[in-house]
Amino acid sequence: MTVETAGVRLHCAGPVATVTLCRPDVLNAQTPAMWRAMSDFSRDLPGDVRVVVVRGEGRSFSAGLDLSVAGAQGPGSFAELSTLPEQECADRIAGYQQGFTWLHRPDVISVAAVQGHAIGAGFQLALACDLRVLAEDARFSMAEVTLGLVPDLAGTKRLVELVGYARALELCATGRRMDAAEADRIGLANLVVPNAELDDAVRDLTAGLLAGNRDAVVEIKALLAGAAGRSHADQQRAEREAQTRRLRDLAGRGD
């Protein structure tokens with residue numbers, strides 16, 4: 001199954017879905033229409049999808065927000081958003097965030113395949129994924145501050161969780177560029193490979209993720225995703241409960 005709309009494409013092949021930003025002529029700069037399309041993709045996923053790969057066509061993952069759209073006067077522009085009542089503006093942004101947050105879904109593991117620029121919204125899209133495989137030429141920047149804006153596409157909590165408050169503040173408040181080697185060093189990357197090996201590395205990682213029992217992987221993701229918000233005792237209880245479900249299921253005694 002392949003669906004393409006608004007500069008983004010969803011291709012599903014068995015247990016693997018691939019979301020591709022397909023505006024290579026503008027380095028996959030993103031628009032509100034793309035965010036709405038990505039949110040719709042969540043509802044289009046077949047039930048057997050286990051891994052979602054997010055990538056960009058051409059030489060960059062995504063150069064961030066398409067300023068030719070945001071800076072215009074039409075729907076989704078800064079000018080339009082600034083005229084909305086506060087709650088309506090916040091609600092509009094909540095809809096945009098859904099294009100990113102569905103990649104947190106408990107029943108799939110999402111993998112960003114990042115080459116070239118991952119700027120602003122591009123950085124946040126990579127952060128929305130559970131795992132990140134980087135080409136050696138990957139470059140990150142949380143550049144919203146240079147426009148007088150804040151990162152608002154669900155990337156700030158993910159960034160703090162991955163690199164800590166002080167590093168996240170420095171990256172967001174300066175908007176500076178960070179290369180793949182630094183991203184790897186501070187914990188943003190699962191793997192850094194030569195550009196020519198990016199596709200193979202993502203395929204190998206996907207195969208590894210698919211090799212395990214699906215229900216066990218879903219339980220593992222839930223355990224780890226919730227660990228930061230639990231005490232040691234609560235986490236241990238969650239482990240016991242998850243293992244009890246797995247044992248009963250494997251014995252044919254599940255609900």
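Worth saying up front: this structure is predicted, and the values here are computed from it rather than measured.

What counts, and where the lines are drawn
- Residues numbered from 1 in each chain as written.
- Predicted model: local features only at pLDDT ≥ 70, side-chain atom pairs only at ≥ 80, totals over all residues.
- Heavy atoms only, no water.
- Buried < 20%, exposed > 50% of the residue type's maximum accessible area, 1.4 Å probe, protein only.
- Helix = DSSP H or I, 4+ residues; strand = E, 2+ residues; numbered from the N terminus.
- Pairing = 2+ DSSP bridges.
- Axes fitted to C-alpha atoms, helices over the stretch in contact; angles between N-to-C directions.
- Parallel < 35°, antiparallel > 145°, perpendicular 65-115°, else oblique.
- Left-handed = near helix turned anticlockwise from the far one by under 90°.
- Contact = heavy atoms within 4.5 Å.
- Nonpolar A, V, L, I, M, F, W, Y, C, P; charged D, E, K, R; others polar.
- Phe/Tyr/Trp six-rings, centres within 6.5 Å; stacked < 30°, edge-to-face > 60°.
- Patch = residues over 30% accessible without salt bridge, like charges linked within 9 Å, V, L, I, M, F, W, Y side chains within 5 Å.
- Areas by Shrake-Rupley, 256 points an atom, 1.4 Å probe, with all protein chains shown as cover.
- Salt bridge = Lys/Arg side-chain N within 4 Å of Asp/Glu carboxyl O.
- Expected span 1.5 Å × (residues − 1).
- Arc of directions from axis to C-beta.

Turning our attention to the pairing of strand β5 (residues 109–114). The buried fraction of β5 is high, at 6 of 6 residues. Residues Ile109, Val111 and Ala113 of β5 are buried on one face, and the alternating residues Ser110, Ala112 and Val114, pointing to the opposite face, are buried as well. In terms of strand pairing, strand β4 (residues 51–56) meets β5 through 4 bridges, oriented parallel. By the bridge assignment, valine 51 is partnered in β5 with isoleucine 109. Two elements, β5 and strand β7 (residues 131–135), share 4 bridges in a ladder whose sense is parallel. Counterpart to valine 114 in the pairing with β7 is leucine 134.

With that out of the way, let us pick up the packing of helix α1 (residues 32–44) against helix α4 (residues 86–101). The N-to-C vectors of α1 and α4 enclose an angle of 55°; their axes lie 7 Å apart at closest approach. One element, α1, and the other, α4, form an angle in the oblique class. Of the two elements, α1 crosses α4, and the hand of that crossing is left-handed. Judged by residue contacts, Pro32, Trp35, Arg36, Met38 and Ser39 of α1 engage Tyr96, Gln98, Gly99 and Phe100 from α4. When the residues that make up the contact of α1 with α4 are grouped by side-chain class, the tally is 5 nonpolar, 3 polar and 1 charged.

Taken in spatial order, the 3 strands make up an open sheet running β6-β8-β9, and their pairing is mixed. At either margin of the open sheet sits one strand with a lone partner, and together these are β6 (117–119) and β9 (178–179). Examined bridge by bridge, β6 and strand β8 (residues 139–141) share 3 bridges and lie parallel to one another. Within β8, the position partnered with isoleucine 119 by the bridge is serine 141. Along the sheet, helix α5 (residues 121–128) contacts β6, β8 and β9; its crossing angle with β6, the most-contacted strand, is approximately 95°.

Glancing now at the packing of aromatic side chains. Evaluation of the coordinates by the stated rule reveals 3 aromatic pairs. Summarising the aromatic geometry, the rings of phenylalanine 123 and phenylalanine 140 are spaced 4.9 Å apart at their centres and angled 50° between planes, so their arrangement reads as tilted. Of this pair, phenylalanine 123 sits in helix α5 while phenylalanine 140 sits in strand β8, placing them 17 residues apart in sequence. Owing to a relative accessible area of 1%, phenylalanine 123 belongs among the buried residues under this scheme. By relative accessible area, phenylalanine 140 is classed as buried at 2%.

Before going further, it helps to spend a moment on a nonpolar patch on the surface. Where nonpolar side chains cluster on the molecular surface, the patch consists of Leu67, Phe78, Leu147 and Leu149 and spans about 330 Å² of accessible area. Turning to its location among the elements, leucine 149 is positioned in the loop between β8 and α6 (156–163).

A rise of 1.5 Å per residue sets the reference length of helix α11 (residues 232–250), with its 19 residues, at 27 Å; its end C-alpha atoms lie 27 Å apart and thus fit the reference within 8%. Of the positions making up α11, those classed as buried are Gln235, Ala238, Ala242 and Arg246. Along α11, the residues classed as buried sweep out an arc of 70° about the axis, all on the same side. Exposed side of α11, more than 90 degrees from the buried face: Arg240 and Leu247 are the residues found there. Looking at the buried positions of α11, the neighbouring elements they touch are α10 (214–227). Looking one or two places after α11, you find glycine 252, whose phi comes out positive at around 80°.

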